[in-house]
Amino acid sequence: LRIAILASGRGSNAAALLAARERGELPAEFVLVASDKADAGALQLAQLAGIPTLVLDPRDYPDRRDYDLALFERIAEHKPDLLVLAGFMRIIDGDALKPWAGRMINIHPSLLPKYRGLHTHRRAIKAGDAEHGASVHFVTAELDGGPVIAQTVLRIEANEDENSLSARLLPLEHQLLPAVVALIAADRLALSEEGVVFDREPI
Ligand code: GRF
């Protein structure tokens, strides 16, 4: 499986993917790490690992649609089978997404369908939820709204704040995302008309 990672920030989920491959747990090839931010942590990791990188700055494009079309066209040149959004902090244009239907996943730090969008940890605490977590889902034009593949769950403790909660969740994210990618790489999971299908019979 040829994988491209898209990441905007710290890059710890991208690091978890690369580490899983190093440990031999991910039968996949990382063909590209792409970002909208020149200082994204994931780019440095990619360079150290000898993985090609791509940075496109949205400010160089007239609007979101133009940017997204250009970005995904450039990504396509690397012929990935799967795109993994690992902290890619942009809403993607629906037309740019279309060619990647069923081939793009995202990790989101909430128990979807709860708390799409930003500040998920804060919102879960404020709502008085007993549990919080992260979800990996297929990407559709609806923000954080595509079919959920798998989730990791943790209990919200008394006196928890958003920093402690996100810090406790992050290592669970780092297990969840490579585990899902490994299932896709093993062809044990796909998106069909009916939704997410596990252990698909070979055609
Ligand atoms: C993670 O919490 C992920 O769930 C969300 O953005 C954050 C990215 O963190 N989509 P990192 O850049 O992978 O460290």
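The residue count restarts for each chain, going from 1 along the sequence in the order it is written. Note on the predicted model: pLDDT of at least 70 is required for a residue's local features to be given, and 80 or more for side-chain atom pairs to be given and counted; whole-chain, interface and lining totals, by contrast, use all residues.

An unreviewed UniProt entry lists the chain under the name Phosphoribosylglycinamide formyltransferase, from Dyella mobilis. One UniProt comment on the chain, placed under Pathway (unreviewed entry), says "Purine metabolism; IMP biosynthesis via de novo pathway; N(2)-formyl-N(1)-(5-phospho-D-ribosyl)glycinamide from N(1)-(5-phospho-D-ribosyl)glycinamide (10-formyl THF route): step 1/1." UniProt positions are given in the numbering used here, feature names are shortened, and annotations may be inferred rather than shown by experiment. Quoted straight from UniProt, the Catalytic activity (unreviewed entry) entry for the chain says "N(1)-(5-phospho-beta-D-ribosyl)glycinamide + (6R)-10-formyltetrahydrofolate = N(2)-formyl-N(1)-(5-phospho-beta-D-ribosyl)glycinamide + (6S)-5,6,7,8-tetrahydrofolate + H(+)".

*Asks:* How should I be thinking about the UniProt feature "binding site: (6R)-10-formyltetrahydrofolate" (unreviewed entry) in the chain in this particular structure?
*Replies:* The feature "binding site: (6R)-10-formyltetrahydrofolate" (unreviewed entry), as annotated in UniProt, sits at Arg64, Met89, Arg90, Ile91, Ile92 and Asn106 in this numbering. To qualify as a helix, a DSSP run of H or I must reach at least 4 residues; to qualify as a strand, a run of E must reach at least 2; elements of each kind are numbered from the N terminus. With respect to the helices, strands and loops of the structure, isoleucine 91 is situated in the loop between strand S4 (82-85) and helix H4 (94-97). Residue classification places isoleucine 91 among the partly exposed positions, given that 13 C-beta atoms sit within 10 Å. For isoleucine 92, the location among the structural elements is in the loop between S4 and H4. For every residue, the other C-beta atoms within 10 Å of its own C-beta are counted; 20 or more classify it as buried, 12 or fewer as exposed, and values in between as partly exposed. C-beta atoms are placed from the backbone.

*Asks:* Is there a simple way to think about the environment of alanine 190 in this case?
*Replies:* Examined against the element boundaries, alanine 190 turns out to sit in strand S8 (residues 189-192). The spacing of alanine 190 and isoleucine 149 is 41 residues in sequence and 9.1 Å in space, taken between C-alpha atoms.

*Asks:* Looking at this model, I keep getting lost on the packing of helix H1 (residues 12-22) against helix H2 (residues 41-49). Mind explaining?
*Replies:* When two helices pack together, their arrangement is given by the angle between their axes and by how far apart the axes lie. Packing of H1 against H2 leaves a shortest axis separation of 9 Å and a crossing angle of 25 degrees. With respect to their mutual orientation, H1 and H2 come out roughly parallel. By crossing handedness, the relation of H1 to H2 is classed as right-handed. Counting all contacts with H1, which are made through Ala14, Ala15 and Leu18, the residues of H2 involved are Ala42, Leu45 and Ala49. Amino acids are sorted into nonpolar (Ala, Val, Leu, Ile, Met, Phe, Trp, Tyr, Cys and Pro), charged (Asp, Glu, Lys and Arg) and polar (every other residue, Gly among them). Along the lines of polarity and charge, the residues of the contact of H1 with H2 split into 6 nonpolar, no polar and no charged. Every axis corresponds to a line fitted to the C-alpha atoms, with the helix fit spanning only the stretch in contact, and the corresponding angles, defined between N-to-C directions, vary from 0 to 180 degrees. Angle categories are assigned with fixed cut-offs, so that under 35 degrees is roughly parallel, over 145 is roughly antiparallel, 65 to 115 is roughly perpendicular, and the rest are oblique. Left-handed is the label given to a crossing in which the near helix is rotated counterclockwise from the far helix by less than a right angle, and right-handed is the label when the rotation is clockwise. We call two residues in contact if the C-beta atoms placed from their backbones are at most 7 Å apart.

*Asks:* What's the story with the pairing of strand S1 (residues 2-6) in this structure? I'm lost.
*Replies:* As a general feature of sheets, a regular strand has side chains that alternate between the two faces. A large share of S1 lies buried, amounting to 4 of its 5 residues. Paired strands, as defined in this entry, are two strands with at least two bridges between them according to DSSP. Pairing analysis gives 5 bridges linking S1 to strand S2 (residues 29-35), with the strands arranged parallel. Pairing of alanine 4 across the sheet is with leucine 32, part of S2. A clockwise course of the path from the first strand over the helix to the second, judged with the strands pointing away from the viewer, identifies a crossover as right-handed. Handedness of the S1-H1-S2 crossover: right-handed. Examined bridge by bridge, S1 and S4 share 4 bridges and lie parallel to one another. Residue isoleucine 3 lies in a different strand from S4, and its bridge partner there is leucine 82.

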